[in-house]
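The primary structure of each chain is shown beneath.
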Amino acid sequence: MWVAPVLAQEDDLPAIGVDFQSHSLNIIGIALLILFGLSIMAVLWRKPAELVKRAIFGFMILDIIGVSIAIVYMTISVNFYSWSRGPVHWHSDYQVWACGQQLDLVNPKGLSNKVGTRALHEHNDGRIHYEGVVVTPADATLGHFFEVVGGQISKSTLIFPTNDSVKTYRNGDLCGTPIPAQVQTFIFSVNSDNAYSQRKSLNPDAHTLSPHTQVPPGECIIIEFDTPKSRTNHLCRSFEVAVKNGKLKGESK
């Protein structure tokens, strides 16, 4: 079983992740400005003394070395103190169903090939990708994924952006029957016998994505807005294919 180490106070960790990118860009920007200024000085100063030449060249070297050390130090720090203790590449497949209809996440816009953030996103493939450092456990939850793609999930609310519109469902709404519907989340995971099983999550927003690169054994997440049920009949395509090819056993009860 994969266990993430805890190497720093949890209250300190969010600042590491949030500030790392902005601080890195600021340091690089300042270093480039200094380097640009020194280069302009070297070009415009037509006949500088030999000592001035050496000083300008020396400051350029110090500038490059300094920013390199700073970036390396910050990279090592964020990897060492993070919850995952370094970058990960995790995948989880998922489907969203509402009143019997499958919903598709909004397509990427412009030149981007993903919806979400650099670390947590979807490539229009029905697969949740986590590619980067998991600073705190909350960074790798199903709730955070919905947040970064412009939606929301909880045990009572489902907000999901599609190409048509942002769909919103709340417990108590109807799905064509007199029985009030509910937001329900089912997690399919692979056990030690290489068979899969499903369980119903009572707190889907807090569910931490499984630490697997391949699916399966990475999990399949089925989200349904429908009348209350203890099990779902839906299954991710990756699991279906694995069973068909003999790489995964059928569901264990």
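Here, every reference points to the structure presented above.
All values reported here derive from a predicted model rather than from experimental measurement.

Cut-off values and rules
Residues numbered from 1 in each chain as written. Predicted model: local features only at pLDDT ≥ 70, side-chain atom pairs only at ≥ 80, totals over all residues. Heavy atoms only, no water. Disulfide = S-S within 2.5 Å. Helix = DSSP H or I, 4+ residues; strand = E, 2+ residues; numbered from the N terminus. Buried < 20%, exposed > 50% of the residue type's maximum accessible area, 1.4 Å probe, protein only.

Here we look at the state of the cysteines
- Following the criterion strictly, the structure yields two disulfides and no others.
- Disulfide pairing is shown between C99 and C175; the S-S distance is 1.9 Å. Taking the sign of the torsion about the S-S bond as the criterion, the disulfide between C99 and C175, at about -65°, is left-handed. Note that C99 is positioned in the loop between β1 (87–98) and β2 (101–103) and C175 in the loop between β8 (166–170) and β9 (182–190), a separation of 76 residues in sequence.
- Note on C99: relative accessible area 33%, which makes it partly exposed.
- Across a sulfur-sulfur distance of 2.2 Å, C220 and C236 are joined as a disulfide pair. Looking down the S-S bond of the C220 and C236 bridge, the torsion is 85°, so its handedness is right-handed. Taken together, the positions of C220 in strand β11 (residues 220–226) and C236 in the loop between β11 and α4 (237–244) put the pair 16 residues apart, joining distant regions of the chain.
- Taking relative accessible area as the criterion, C220 reaches 0% and is therefore assigned buried.

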